[in-house]
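Now for the letters of each chain:
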Amino acid sequence: MDINAIISKAQKGLEGTAPWMVGEQLKEICCGDMHCAELVEADLKIEAMSLAACEKKIKAFADSKHKHGSNCVCVLPTEAEKIIREFYGLPLTKESQDTEQPAIIELSDFL
């Protein structure tokens, strides 16, 4: 099983689009992680688990969390990774869990 080939096949015809970028990030996630690769391979056989379906989850997040009256939004790679991992049922990493609000440090705690 070559997960990069499987994802590349799913990307065919999507070059330069947001779903294609989901595939690129999936390749990075699966690199060296056989468990993730096996889960993604099985999921990509299901239409509801396509790259485009995953991208819709990222777009929904962007529209609800980042739009703020603008027509253009951006999703951080760590935020996208967390959504991708949740969509495909992949284990979260420390980095993908830390996409929430940063911790606030009170200077008075150190005085």
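Keep in mind the model is a prediction, meaning the values are calculated, not measured.

Engineer: Just checking my understanding: could you explain the packing of helix α2 (residues 18-30) against helix α3 (residues 34-43) for this structure?
Structural biologist: Each packed pair of helices is defined by two parameters, the angle between the axes and the distance between the axes. It is the contact of α2 with α3, at a shortest axis distance of 8 Å, that shows an interaxial angle of 145 degrees. Every residue of α3 that contacts α2 at Leu 26, Ile 29 and Cys 30 is listed here: Cys 36, Ala 37 and Val 40. Class assignment for the residues of the contact of α2 with α3 results in 6 nonpolar, no polar and no charged.

Engineer: Is there a simple way to explain the side chain of Ser 50 in this structure?
Structural biologist: One can find Ser 50 in the loop between α3 and α4 (51-65). Take Ser 50: its relative accessible area is 17%, and that puts it in the buried class. Beyond its immediate sequence surroundings of up to four residues, Ser 50 is in contact with Leu 44, Phe 87 and Tyr 88.

Engineer: Explain the pattern of salt bridges here, please?
Structural biologist: Proximity of charged atoms lets side chains of opposite charge pair with each other. Under the definition given, this model contains 3 salt bridges. When the shortest N-O distance is used, the salt bridge between Asp 63 and Lys 59 registers 2.7 Å. Here Asp 63 and its partner Lys 59 are both found in helix α4, 4 residues apart, which amounts to about one turn of the helix.

Engineer: Quick question: what am I supposed to make of the packing of aromatic side chains here?
Structural biologist: The relation between two aromatic rings is expressed through the spacing of the ring centres and the mutual angle of the planes. A full pass over the atoms with the stated rule returns 1 aromatic pair. Between the aromatic rings of Phe 87 and Tyr 88, the centroid separation amounts to 4.9 Å while the plane-to-plane angle is 85 degrees, which identifies the pairing as edge-to-face. Residues Phe 87 and Tyr 88 agree in their burial class; the two are buried.

Procedures and definitions
- Residues numbered from 1 in each chain as written.
- Predicted model: local features only at pLDDT ≥ 70, side-chain atom pairs only at ≥ 80, totals over all residues.
- Heavy atoms only, no water.
- Axes fitted to C-alpha atoms, helices over the stretch in contact; angles between N-to-C directions.
- Helix = DSSP H or I, 4+ residues; strand = E, 2+ residues; numbered from the N terminus.
- Contact = heavy atoms within 4.5 Å.
- Nonpolar A, V, L, I, M, F, W, Y, C, P; charged D, E, K, R; others polar.
- Buried < 20%, exposed > 50% of the residue type's maximum accessible area, 1.4 Å probe, protein only.
- Salt bridge = Lys/Arg side-chain N within 4 Å of Asp/Glu carboxyl O.
- Phe/Tyr/Trp six-rings, centres within 6.5 Å; stacked < 30°, edge-to-face > 60°.

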